[in-house]
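So you can see what is in the structure, the chains are spelled out below.
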Amino acid sequence: MLQRIQTIYLLLVSVISVALCLYIPYGLDENGGALYGKDDLYVMGLSMASAILSLIAIFLFKNRKLQFVLGRIIIILNFILLGVFVYWSLTVSGETKVSEKGIGMLIPIISIVLLVMANKAIKKDENLVKSVDRLR
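This one's a predicted model, so the numbers in the text were calculated from it and none came from an experiment.

**Thoughts on helix α2 (residues 41-58)**
Compared with the 26 Å implied by 1.5 Å per residue over 18 residues, the 26 Å span of α2 between its first and last C-alpha is a close match. Within α2, burial applies to Val43, Leu46, Ser47, Ser50, Ala51, Ser54, Ala57 and Ile58. All buried residues of α2 fall inside an arc of 130 degrees around its axis, so they share one side. At its buried positions, α2 is contacted by α1 (5-22) and α3 (64-90).

Written out as structure tokens, the structure is:
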């Protein structure tokens, strides 16, 4: 059942996580050069883990409970990534590594919202299946 709405949400999470890692800058350094996720191990690791796990969750459509748990794990990964970005933005003193914030720092927030909507749709499907099983 790949035609469910949570598949679209999880696919969008995967696409924007890869975009954060490769194409969208999360800040500017002291020279005005863009900082990309592929240049930093933490950002690259967390965003690629989020992308890979969301792709895995798409194909776990037969096991909705595991798909739901995997969605929560991806939410935790995005909160950790958001925490890293907040830590970097709050510890900026003068001209250190990240002198200006980029649009890439909003990507984990967008991912979290999409994952919450996907988990809500997964839970709705699970409740629907349980209600049908009660009728039998």
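**Structural notes on the packing of α2 against α3**
One way to put it is that α2 packs onto α3 with a least axis distance of 10 Å and a crossing angle of 165 degrees. Considered as vectors, α2 and α3 are oriented roughly antiparallel to each other. For the crossing formed where α2 meets α3, the hand is left-handed. Facing Tyr42, Val43, Leu46, Ser47, Ala49, Ser50, Leu53, Ser54, Ile56, Ala57 and Ile58 of α2, the residues of α3 in contact are Gln67, Leu70, Ile73, Ile74, Leu77, Asn78, Ile80, Leu81, Val84, Phe85 and Trp88.

**Concerning the environment of Glu126**
Tracing the backbone through its elements, the reader meets Glu126 in helix α4 (residues 107-135). Sequence separation of Glu126 and Phe68 is 58 residues, and the distance between their C-alpha atoms is 9.7 Å. With sequence-adjacent residues up to four places away left out, Glu126 is seen in contact with Arg64 and Lys65.

What counts, and where the lines are drawn
Residues numbered from 1 in each chain as written. Predicted model: local features only at pLDDT ≥ 70, side-chain atom pairs only at ≥ 80, totals over all residues. Heavy atoms only, no water. Helix = DSSP H or I, 4+ residues; strand = E, 2+ residues; numbered from the N terminus. Expected span 1.5 Å × (residues − 1). Buried < 20%, exposed > 50% of the residue type's maximum accessible area, 1.4 Å probe, protein only. Arc of directions from axis to C-beta. Contact = heavy atoms within 4.5 Å. Axes fitted to C-alpha atoms, helices over the stretch in contact; angles between N-to-C directions. Parallel < 35°, antiparallel > 145°, perpendicular 65-115°, else oblique. Left-handed = near helix turned anticlockwise from the far one by under 90°.

Take it as geometry only, folks, not as evidence of what the structure does.
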